[in-house]
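So you can see what is in the structure, the chains are spelled out below.
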Amino acid sequence: MKCSQSPTKSRGRPREFDPEVALGSALQVFWKHGYEGASLAELTEAMGITKPSLYACFGNKEALFKKALDLYERDKLAYLRTALEAPTARGVAERLLRGSLDTYCGSADSQGCLGVISLVSCTSEDTSIREHVIARRQSSDAALIARFEEAKAKGDLPEGSDPVVLAQCLSTVLQGLAVKAQGGTPRGELEGVIAAFLAMWPGR
């Protein structure tokens, strides 16, 4: 798919651009600043396009952010899908924790968790964005709860374990890692947090 820039007086003809490349650049801006903190001027500059071209190809800022979230989940959160396939509940937790660490502080462009950053920075005026991010997180939590319920039914988790509470605990640690990573906490310290959490995990 190609989108076109609005023609300028000197050029006369629209200049095509690759929307996937532009979207990747927009993702970096949102990832760094969150939804509210990313201005249209910063977005268009990073994407190398004009505001009319942004609206024509992606819709408004909210629509662009949702497309960036799709890209983020597809490329940066692929470990979520493979984590649920781990043979044990503890393995699920470990894959999620280590996968998140690779995403949050595994490369120069890592900025923490896009969802957490956007939730923290959203104001009451960004209710629709907040609700959208929360809905995505709830979907992930539901899948995690279902996986832990399956583990409990198979005897992988102790009888007294609560899959909902376990999922909430894991989600809380994941979000905490994201905030710590964004704040510059060294990876070694975060790996220590993961080791401590896994040491307290019930069952195998």
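Here, every reference points to the structure presented above.
Residues numbered from 1 in each chain as written. Predicted model: local features only at pLDDT ≥ 70, side-chain atom pairs only at ≥ 80, totals over all residues. Heavy atoms only, no water.

Peer 1: Tell me about the packing of helix α6 (residues 89-105) against helix α8 (residues 127-153), and name the residues and values.
Peer 2: For the pair α6 and α8, the least separation of the axes is 9 Å and the interaxial angle reads 150°. When the interaxial angle is binned, α6 and α8 end up roughly antiparallel. Counted together, A89, V92 and L96 of α6 and L144, R147, F148 and A151 of α8 form the full contact between these two elements. Classifying every residue of the contact of α6 with α8 gives 6 nonpolar, no polar and 1 charged. (Axes fitted to C-alpha atoms, helices over the stretch in contact; angles between N-to-C directions. Helix = DSSP H or I, 4+ residues; strand = E, 2+ residues; numbered from the N terminus. Parallel < 35°, antiparallel > 145°, perpendicular 65-115°, else oblique. Contact = heavy atoms within 4.5 Å. Nonpolar A, V, L, I, M, F, W, Y, C, P; charged D, E, K, R; others polar.)

Peer 1: Before we move on, could you go through the packing of aromatic side chains and cite the residues and values that matter?
Peer 2: Geometrically, a pair of aromatic rings is defined through the distance of the ring centres and the angle of the planes. Considering all chains together, one arrives at 6 aromatic pairs under this definition. Aromatic pair W31 and Y72: ring centres 5.4 Å apart, planes at 75°, arrangement edge-to-face. Of this pair, W31 sits in helix α1 (residues 19-37) while Y72 sits in helix α4 (residues 61-75), and the two are 41 residues apart along the sequence. For the residue pair W31 and Y72, the accessibility class agrees, reading buried in each case. Three or more aromatic residues joined by ring pairs make a cluster, and in this case those are F30, Y35 and F65. (Phe/Tyr/Trp six-rings, centres within 6.5 Å; stacked < 30°, edge-to-face > 60°. Buried < 20%, exposed > 50% of the residue type's maximum accessible area, 1.4 Å probe, protein only.)

Peer 1: I'd like a rundown of α8, residues and numbers included.
Peer 2: Over its 27 residues, α8 extends 38 Å from the first C-alpha to the last, a length consistent with the 39 Å expected when each residue adds 1.5 Å. Within α8, the full set of buried residues consists of I129, V133, R136, R137, L144, I145, R147, F148 and A151. (Expected span 1.5 Å × (residues − 1).)

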